[in-house]
Amino acid sequence: MNRSIKKVAVLGSGVMGSRIACHFANIGVEVLLLDIVPNELLPAEEAKGLTLESPIVRNRIVNFSLDTAVKSNPAPLFSKSFVKRIATGNFEDDMAKISQADWVIEVVVERLDIKKSVFERVEQYRTPGTLITSNTSGIPIHLMTEGRSEDFKQHFCGTHFFNPPRYLELLEIIPTTSTKKDVVDFLIHYGDKMLGKTVVLCKDTPAFIGNRIGVYSMLALTHLVDQMGLTVEEVDKYTGPAMGHPKSATFRTADVVGLDTLVNVANGLVQNVPDDEAKDVFQLPDFITKMVENKWLGEKTKKGFYEKVKGKDGQSEILSLDLKTFEYGSQQKVKSTTLEATKAVEDIRKRMKVYEQGTDKAAELFRAMHYPLFEYVSKRVPEITDDFFRIDDAMRAGFGWEIGPFEVWDALGVRETLEKIKAEPKRLPGQQGEVAQWVHDMLSAGCESFYKVENGVRHYYDIASKSYKPIPGSEDLIVLDHIRDTKTIWKNSGVSIIDLGDGIINCEFHTKMNTIGGDVIQGINKAVDLAEKEYRGLVISNDGKNFSAGANIGMIFMMAVEQDYDELNMAVRMFQDTSMRLRYSSIPVVVAPFQLTLGGGCEFSMHADFVQLHAETYMGLVEFGVGVIPGGGGSKEFALRASDEYRDDQIVQNTLKDRFLTIGQAKVSTSAVEAFELGYLQAGKYGITMNRSRLLADAKAKAIELANAGYVQPAPRNDIKVLGNQGLGIVYVGASSMRAGNYISDHDKKISEKLGWVMCGGNLSAPTEVSEHYLLDLERKAFLELCAERKTLERIQHMLTKGKALRN
């Protein structure tokens, strides 16, 4: 596509506008952020003698909004330094500057009259041919272009980002009948590859797709509360991760989003979907109406379905609302035999079947929720979309569901569920027990599921042709779930090695949290063996929720408790050797991490030839937290990198200090960009993929690129400059002063000294050049000595107990 985006103008700096501006800054785009001029002075401004004409006053609203966004948590920027890419101004003084923008995004208040007045001004300055979009969450898109020029209409559509824009993957594109096809195609392409979004093409219908289905699902559940006598705790326990939904489940999510937001969308739907057979579902139940009257709106009012209070002992407690008495009380523990049965089922699709077949209240709710939902979503085709898969995309990307409603229906069996839908005793408003005719037509055509995989590509049932077609764009993706059965060339209990084609293989972890134990170590070494003998390159990645939570500390704990130090020494050496094998193999190794990439996962990444990582990668060496130092090559690697940063033979102690503190404070990056800033990545040896679904394909392409360039096996390093006693003195003084100030414990002081001993090269009388193996021996020795400490064992045991409690 010939169109490019170098500068974006964002009109409106509220919660959404400021954060949309930040996300464009994240990808390197220059941003102009504008908002209204204040109509009165603040007391502090009056005291300074400022007037309404003072520039600092005229830009007060936009600057305050941007500053608030940058300081917010979770952070909207990959790096706080990226705020420099955002220029601010106001509608009166700076609107003419939008003529330089390739894309103008309107994000003002949700009122049609105000939006239309903004567009009238935009048309005065906008350069013809440039993009103009609105971030509305529900106002009909076609109404906004009344009175606008033909060029404006051709380049205009809705672009509905979900909040927070950096983290929620859904971007809804809503064209009008006047929008040019190439504009829609460009926005879909740009949203996917550049902004990292799951882009869903919507029809211009009330609430579009995500909120139409998401709010229906949430309000349908509230109508079941009275029927089934459910408590707040029960609802959130039953509708959380076990059901494939976020941990915040239903009512906790409502508290976070704000009950007023949910109510506004629901009221809008009541008014605007008169022909929806289930429109009465959007009528609010009495308990929500009463909560709104009481202004119990969730986190923004400190009360909602939950309330956080402090007890007499000063400890915080989260109380839950009794929906019958409207009093807050201590949360009651929820037990369910069905939920217990689902815990052992990792595969979400298989888990759905277990959930449906239960006999207790949790399973009853599952059926009462899903059967009407299947009916409802089937009848929204073709009203809100011609392609049902877009509904699943919207629910996964916008509401955090692991699988969408049609995918759940597939998991339960489309044909066998039809009679259950008819027979479901719990009835919601408008529920008829009968799905849309096209579902029956699909089954009559011999198509038994909504989706199927052919030759590694996912297909969907196309209603018009009554046949399966590839999901648009899926041909470019590599999904391990789709090729694992036919392309696995070797596997053990923790690893599958999969042929990706074109001479590249992938080593996939599939342990709990993708932790690294003996089976993963064996699998990585086997992958290198195979790649060196029969292939051109190796990728290490997986389809899990996190790349890797690090080494299996349970295994380390058992060896240390049993004082089996020979076995532990062998295990640590094997870990180190595997890291080194990744670095010094004869084929290119590309590691493709994402989300949590901790401990050993980070160390493997640091030893790869190239790291192709997702933008949302939270990388760190966190071993200090369990009382040890990084023992898989991480401590050695930071000493090596510090050495490479020394200049003109001058030992720069601040460089060593920065690297030491990154490990010593167990710093974890909040983005891929920050992983580089913390030193976990090296310039020229990493690339960032914005869209997680494209990560594996990008990593494969990089491995091919390295192989085609004539990859040369690196030579082992023997020139690592370490400080010896000169550096140790600094480390020991710093650790002692921190202990004297009670900033760290005695054990923390000991860990710090051990880390310093490794990074400084041990007891050397002068700065010396050493080898990687020399440093690895020191690293392993320090790791084993710390494992023998009682305090370390106590910390590891605490971590294991805490992890078990969280899982339960």
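One can find the structure itself at the top, above this paragraph.
These notes cover the structure that comes with them. (Residues numbered from 1 in each chain as written. Predicted model: local features only at pLDDT ≥ 70, side-chain atom pairs only at ≥ 80, totals over all residues. Heavy atoms only, no water.)

Side note on the side chain of threonine 511
Relative to the helices and strands, threonine 511 resides in the loop between strand S17 (504-509) and helix H22 (518-534). Only 2.7 Å separates the side chain of threonine 511 from the backbone oxygen of threonine 515, close enough to count as a polar contact. (Helix = DSSP H or I, 4+ residues; strand = E, 2+ residues; numbered from the N terminus. Polar contact = N/O pair within 3.5 Å; in protein donor to acceptor, adjacent residues only side chain to side chain.)

Quick notes on the pattern of salt bridges
For the structure on display, the rule yields 64 salt bridges. The closest approach of N and O atoms between glutamate 416 and lysine 353, which form a salt bridge, is 2.7 Å. Note that glutamate 416 is positioned in helix H19 (residues 414-423) and lysine 353 in helix H15 (residues 348-356), a separation of 63 residues in sequence. Measuring nitrogen to oxygen at the nearest pair gives 2.8 Å for the salt bridge that ties glutamate 772 to lysine 636. On the criterion of sequence distance, the pair formed by glutamate 772 in helix H32 (residues 772-787) and lysine 636 in helix H26 (residues 634-644) is long-range, its members being 136 residues apart. (Salt bridge = Lys/Arg side-chain N within 4 Å of Asp/Glu carboxyl O.)

A look at the packing of helix H1 (residues 15-26) against helix H4 (residues 60-71)
Viewed as axis vectors pointing N to C, H1 and H4 meet at an angle of 65°, and their least axial separation amounts to 9 Å. Between H1 and H4 lies a crossing of right-handed hand. Each of Ser18, Arg19 and Cys22 in H1 lies in contact with H4, whose residues at this interface are Ser65, Leu66, Thr68 and Ala69. Its residues assigned to classes, the contact of H1 with H4 comprises 3 nonpolar, 3 polar and 1 charged. (Axes fitted to C-alpha atoms, helices over the stretch in contact; angles between N-to-C directions. Left-handed = near helix turned anticlockwise from the far one by under 90°. Contact = heavy atoms within 4.5 Å. Nonpolar A, V, L, I, M, F, W, Y, C, P; charged D, E, K, R; others polar.)

Some thoughts on the pairing of strand S12 (residues 451-454)
Pairing of S12 with strand S13 (residues 457-462) involves 4 bridges; the strand directions are antiparallel. Across the sheet, lysine 452 pairs through a bridge with histidine 459, a residue of S13. Counting the residues in the hairpin turn of S12 and S13 gives 2 residues, including asparagine 455, whose phi is positive at 55°. (Pairing = 2+ DSSP bridges.)

As for H19
Among all positions in H19, only Val414, Thr417, Leu418 and Ile421 are buried. In a view along the axis of H19, the buried residues occupy a sector of 120°, so they form one face of it. Turned more than 90 degrees off the buried face of H19, the exposed positions are Glu419 and Ala423. Its buried side turned inward, H19 meets helix H16 (361-379), helix H18 (405-412) and helix H20 (437-444). (Buried < 20%, exposed > 50% of the residue type's maximum accessible area, 1.4 Å probe, protein only. Arc of directions from axis to C-beta.)

Here we look at unusual backbone geometry
In terms of backbone geometry, most residues other than glycine have negative phi values and most peptide bonds are trans. With an omega of 5°, the peptide bond between asparagine 73 and proline 74 qualifies as cis. Omega for the peptide link from valine 381 to proline 382 comes to 10°, which places this bond in the cis form. Its place among the elements puts proline 382 in the loop between H16 and helix H17 (389-399). With a phi angle near 70°, lysine 302 is a residue other than glycine that sits in the positive phi range. Structurally, the position occupied by lysine 302 is in the loop between helix H13 (286-293) and strand S9 (306-310). Using a relative accessible area of 65% as the deciding quantity, one classes lysine 302 as exposed. We note that asparagine 514 has phi near 55°; this positive angle belongs to a residue other than glycine. Take asparagine 514: it is sitting in the loop between S17 and H22.

These figures capture arrangement, not role.
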